[in-house]
Amino acid sequence: MSSDRTFFLTPALSLWKREVVRFLRQRNRIVSALATPLVFWLLIGSGLNSSFRMGEGPVRMSYLEYFFPGTIILIMLFTAIFATISIIEDRREGFLQSVLVAPVSPGSIVLGKLLGGTTLALLQAVLFTLLAPTIGIGLSWLIMAKLLAAFFVVGLGLTGLGFLFAWPMESTQGFHALMNLLLMPLWLMSGALFPSPPPNSWVYWVVLLNPVTYGVAAVRRALYANDPGVAALPSFGVALAVSAGFALLTYLLSYRLVQRRRKVTG
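The notes below deal with the structure included here.

Cut-offs and rules
The written sequence of each chain sets the order in which its residues are numbered from 1. Note on the predicted model: pLDDT of at least 70 is required for a residue's local features to be given, and 80 or more for side-chain atom pairs to be given and counted; whole-chain, interface and lining totals, by contrast, use all residues. Just so you know, side-chain values use all the structure's heavy atoms and leave hydrogens and water out. Helix and strand definitions here come from DSSP, where helices need a minimum of 4 consecutive H or I residues and strands a minimum of 2 consecutive E residues; each element is numbered from the N-terminal end. Only protein chains enter the accessibility calculation, which uses a 1.4 Å probe; a residue is then buried when its area is under 20% of its type maximum, exposed when over 50%, and partly exposed in between. Contacts: residue pairs with any heavy atoms within 4.5 Å of one another. Accessible surface is estimated by sampling points in the Shrake-Rupley manner with a 1.4 Å probe; for residues, cover comes only from the protein chains shown. Pairs of N or O atoms are called polar contacts if they sit within 3.5 Å, as long as, within protein, a hydrogen donor faces a hydrogen acceptor (for residues adjacent in sequence, only side-chain-to-side-chain pairs). Pairing of aromatic rings covers Phe, Tyr and the six-membered ring of Trp, with a centre-to-centre limit of 6.5 Å; geometry is then stacked below 30 degrees between planes, edge-to-face above 60, and tilted otherwise. Note on geometry: a ring has a charge over it if NZ (lysine) or CZ (arginine) is within 6 Å of the ring centre and within 35 degrees of the ring normal. Salt bridge, as used here, is a side-chain nitrogen of Lys or Arg placed within 4 Å of a carboxyl oxygen of Asp or Glu. In this description, a nonpolar core means a group of buried Ala, Val, Leu, Ile, Met, Phe, Trp, Tyr and Cys residues linked to one another through side-chain atoms lying within 4.5 Å. Where helices are involved, their axes are fitted lines through C-alpha atoms of the stretch in contact, as for all axes, and angles between N-to-C directions lie from 0 to 180°. When an angle is under 35 degrees it counts as roughly parallel; over 145 it counts as roughly antiparallel; between 65 and 115 it counts as roughly perpendicular; any other value is oblique. The handedness criterion is simple: a crossing whose near helix is rotated anticlockwise from the far helix by less than a right angle is left-handed, and one whose near helix is rotated clockwise is right-handed. Polarity classes work like this: nonpolar for Ala, Val, Leu, Ile, Met, Phe, Trp, Tyr, Cys and Pro, charged for Asp, Glu, Lys and Arg, and polar for all others, with Gly in that last group.

### Description of the overall build of the chain
Along the chain, the regular secondary structure elements total ten helices and zero strands. The buried share of the chain, taken over its 266 residues, is 48%. Here the contacts in the chain between residues at least 6 apart in sequence split such that 77% fall between residues at least 24 apart. Of the accessible surface of the chain, which amounts to about 12,600 Å², a share of 70% is contributed by carbon and sulfur atoms.

### Observations concerning the side chain of T250
In this fold, T250 is placed in helix α10 (residues 236–265). On the basis of relative accessibility, which here comes to 2%, the residue T250 falls in the buried class. A distance of 2.7 Å separates a polar side-chain atom of T250 from the backbone oxygen of A247. Discounting chain neighbours no more than four positions away, the residues touching T250 are L156, G157, G160, L161 and L164.

### Overview of the packing of aromatic side chains
For the structure on display, the rule yields seven aromatic pairs. Centroid distance F67 to W187: 6.2 Å. Interplanar angle 50°. Geometry classified as tilted. Here F67 is found in helix α3 (residues 63–93), whereas its partner W187 is found in helix α7 (residues 172–188), with 120 residues between them in sequence. By relative accessible area, F67 is classed as buried at 0%. Here the aromatic rings of F163 and W167 are separated by 5.3 Å at their centres, their planes lie at 15°, and the arrangement is stacked. Like W167, F163 is buried. Cation over ring: K146 sits above F236, and NZ or CZ is 5.5 Å from the ring centre. The ring of Y66 has R220 sitting right over it, with the charged end atom 4.0 Å from the ring centre.

### Focus: the pattern of salt bridges
Counted by the stated rule, this structure contains two salt bridges. A salt bridge links E19 to R22, with the shortest nitrogen-to-oxygen separation between them at 3.1 Å. Taken together, the positions of E19 and R22, both in helix α1 (residues 2–25) and three residues apart, correspond to about one turn of that helix. For E19, a relative accessible area of 2% puts it in the buried group. Judged by relative accessible area, which is 14%, R22 ranks as buried. One salt-bridge network, in which partners are shared between bridges, spans E19, R22 and K113.

### What about the nonpolar core?
Counting 73 residues, the largest nonpolar core has F68, I72, M76, W187 and L223 as its most contacted members. Mapped onto this core, the elements with two or more residues apiece are α3, α4 (95–101), α5 (106–129), α6 (141–166), α7, α9 (211–223) and α10. At 17 residues, α3 tops the list of elements feeding residues into this core. If we ignore the near neighbours within four places in the chain, the residues touching I72 are A125, F128, T129, F151, V219 and L223.

### Observations concerning the packing of α3 against α6
Running from N to C, α3 and α6 cross one another at 40°; their axes reach a closest spacing of 8 Å. What the angle tells us is that α3 and α6 run oblique. The way α3 lies across α6 gives a crossing that is right-handed. Contacts between α3 and α6 involve I72, I73, M76, L77, A80, T84, I87, I88 and R91 from the first element and F151, V154, G155, L158, T159, G162, F163 and A166 from the second. When its residues are assigned to classes, the contact of α3 with α6 shows twelve nonpolar, four polar and one charged.

### Observations regarding the environment of T118
If you trace the backbone, T118 turns up in helix α5. In the structure, T118 is positioned 98 residues away from V20 in sequence and 9.9 Å away in space, judged by C-alpha atoms. Only 3.3 Å separates the side chain of T118 from the backbone nitrogen of L156, close enough to count as a polar contact.

Functional significance is not addressed by these values, which are geometric in nature.
Shown next as structure tokens:
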């Protein structure tokens with residue numbers, strides 16, 4: 001049993017550490033993953049703040065406040081894209097081939113890569129969350145515990161989605177184009193920018209079936225569960241469960257991809 005654990009966990013932890021160390025050495029990735037969403041939040045939030053109305057009286061929500069959870073998910077999305085680009089780079093440098101022919105479980109390869117990207121996404125999301133009190137969003141230990149759970153499962157799902165598309169790709173340019181075509185619409189149609197449309201609209205069903213919607217809902221519920229704008233959202237538990245289910249699905253699909261490539265390589 002202990003040898004099986006070593007066979008699975010040791011390579012996963014090694015790949016996780018490699019992703020984190022490589023990220024910390026590339027400071028431009030830290031700046032771009034945090035600065036771009038921050039500029040989005042400030043520019044779009046300030047521009048629409050005067051025309052946005054949600055709630056009345058003392059419970060009225062500003063657009064900067066409403067857009068805050070969506071910006072957190074955008075940061076995690078950017079981090080997932082940057083983290084999974086390393087798969088293409090590793091293939092180009094020959095590192096991936098050496099890992100595939102090594103006596104390592106395919107599941108540990110996937111887990112190590114996903115945990116690396118998730119860790120980076122979680123850390124950057126936490127850093128941005130510390131700005132919440134500047135717009136009147138209070139933080140407590142309970143809120144932070146809920147947020148950490150949401151950040152972990154959402155980061156795992158987004159990194160897993162990036163893994164699925166990066167694994168068969170040969171070019172970073174093609175990967176960027178595909179991610180912009182896929183992930184940005186997913187984010188835009190998740191309730192990150194505006195509240196969900198009424199049920200009689202086709203857009204409503206797109207939002208409902210979008211896995212990113214539940215990540216945004218989990219963060220929004222954790223930050224201000226009783227404020228306007230969350231009444232129509234699923235509960236924190238449901239949103240977290242759906243996000244965790246999506247993360248598990250991306251892991252299993254990624255496992256199949258690695259297993260198939262290993263058979264071809266072998």
